[in-house]
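Listed below are the residues making up each chain.
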Amino acid sequence: MHKDILKVVLIGDGGVGKTSLRNQFIHKRFTNAYKATIGADFITKEVLTDEGNKVMVQIWDTAGQERFQSLGVAYYRGADACILIYDVNNFLSFQHLGRWREDFLKQSSLPSEEAVHFPMLIIGNKIDIDDRVVSRRQARAWADQHSSDKMRIPCFEASAKDGIGVEEAFTHIAKMVKVPQLELDLNGGDALTLSSDTRSSRNYRRSCC
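In the annotation of an unreviewed UniProt entry, the protein is listed under the name Ras-related protein Rab-7b and assigned to Syncephalastrum racemosum. Quoted straight from UniProt, the Sequence similarities (unreviewed entry) entry for the protein says "Belongs to the small GTPase superfamily. Rab family."

In structure tokens form, the structure reads like this:
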């Protein structure tokens, strides 16, 4: 059983719940106290894929405030996947997804042929609050618009507070990046780190939207 390291970057407006989603996934806990992320940091958790492979998911939580966005280039490079997060009760945070996606693709310095097929997933957070302004249909339409023929963007809804949909979304992103079997054969099944040279994407149909 080989083990891979997967770098996943969380991006989106400040206050949408990036840190809370990560804490719920890693520690199974939630706090109402809001503290803005300064720059970025990461936490790692092991995930088991459907093929029985162990994937160490390195989740990078990035700042959503404008004054920290210039730091993105330092944290985006080397990412294997990206999770775009918005608040279902804040339409502006949903509208800004396109800008966050473009900024990520630009600052991560991905070749154009890789950028259009880069593994991405969107999460609409805070479904526990009964003040929704972004529908599932709108989220699915956005995801379809920005998907490619080789990489469909799954969309999930979640509640970092109640834990709904969190495990499913983070586990799903780990399944969207696959090391080619040839690379595993050449390495004798030993542990290796995923890189832009060995990355390939796989299309998954399951999502909540």
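J.: For this particular structure, what's the right way to read the pattern of salt bridges?
T.: Side-chain pairing between opposite charges can occur once the charged atoms of the two side chains come close. Within the structure shown, the criterion is met by seven salt bridges. The shortest N-O distance in the salt bridge between R99 and D13 comes to 3.6 Å. Remark: D13 occurs in the loop between β1 (3-11) and α1 (18-27) and R99 occurs in helix α4 (residues 97-107); sequence separation between them is 86 residues. Using a relative accessible area of 12% as the deciding quantity, one classes D13 as buried.

J.: I keep staring at the side chain of S93 and nothing clicks. Help me out?
T.: With respect to the helices, strands and loops of the structure, S93 is situated in helix α3 (residues 91-95). For S93, a relative accessible area of 1% translates into the label buried. Within the structure, the side chain of S93 is placed 2.6 Å from the backbone oxygen of N90, a separation counted as a polar contact. Sequence-distant contacts of S93, that is, excluding residues within four places in its chain, are made with D13, V16, Y86 and D87.

J.: Just to check I follow, could you spell out the pairing of strand β4 (residues 81-87) for this structure?
T.: Side chains on a regular strand alternate between the two faces of the sheet. Among the seven residues of β4, seven are classified as buried, and the element is accordingly described as predominantly covered. Here β4 shows two buried faces, one formed by A81, I83, I85 and D87 and the other by C82, L84 and Y86. For β4 and strand β5 (residues 120-125), the ladder comprises six bridges, and the chain directions are parallel. Opposite L84, over in β5, you have I122 as the bridge partner.

J.: Would you mind going over α4 with me for this structure?
T.: Think of an α-helix as 3.6 residues a turn; residues three or four steps apart then line up on the same face. Burial runs high along α4: eight of the eleven residues are buried. For α4, the set of buried residues is L97, G98, W100, R101, D103, F104, L105 and Q107. Where α4 terminates, the next one or two residues include S109, which has phi positive at roughly 55 degrees.

J.: When you look at the side chain of Q107 in this model, what are you seeing that I'm missing?
T.: Looking at where Q107 falls in the secondary structure, it is placed in helix α4. Exposure remark for Q107: the relative accessible area of 15% places this residue in the buried category. Among the polar contacts listed, one links the side chain of Q107 to the side chain of D103, at a separation of 2.8 Å.

What counts, and where the lines are drawn
Residues numbered from 1 in each chain as written. Predicted model: local features only at pLDDT ≥ 70, side-chain atom pairs only at ≥ 80, totals over all residues. Heavy atoms only, no water. UniProt positions renumbered as here; feature names shortened; annotations may be inferred. Salt bridge = Lys/Arg side-chain N within 4 Å of Asp/Glu carboxyl O. Helix = DSSP H or I, 4+ residues; strand = E, 2+ residues; numbered from the N terminus. Buried < 20%, exposed > 50% of the residue type's maximum accessible area, 1.4 Å probe, protein only. Polar contact = N/O pair within 3.5 Å; in protein donor to acceptor, adjacent residues only side chain to side chain. Contact = heavy atoms within 4.5 Å. Pairing = 2+ DSSP bridges.

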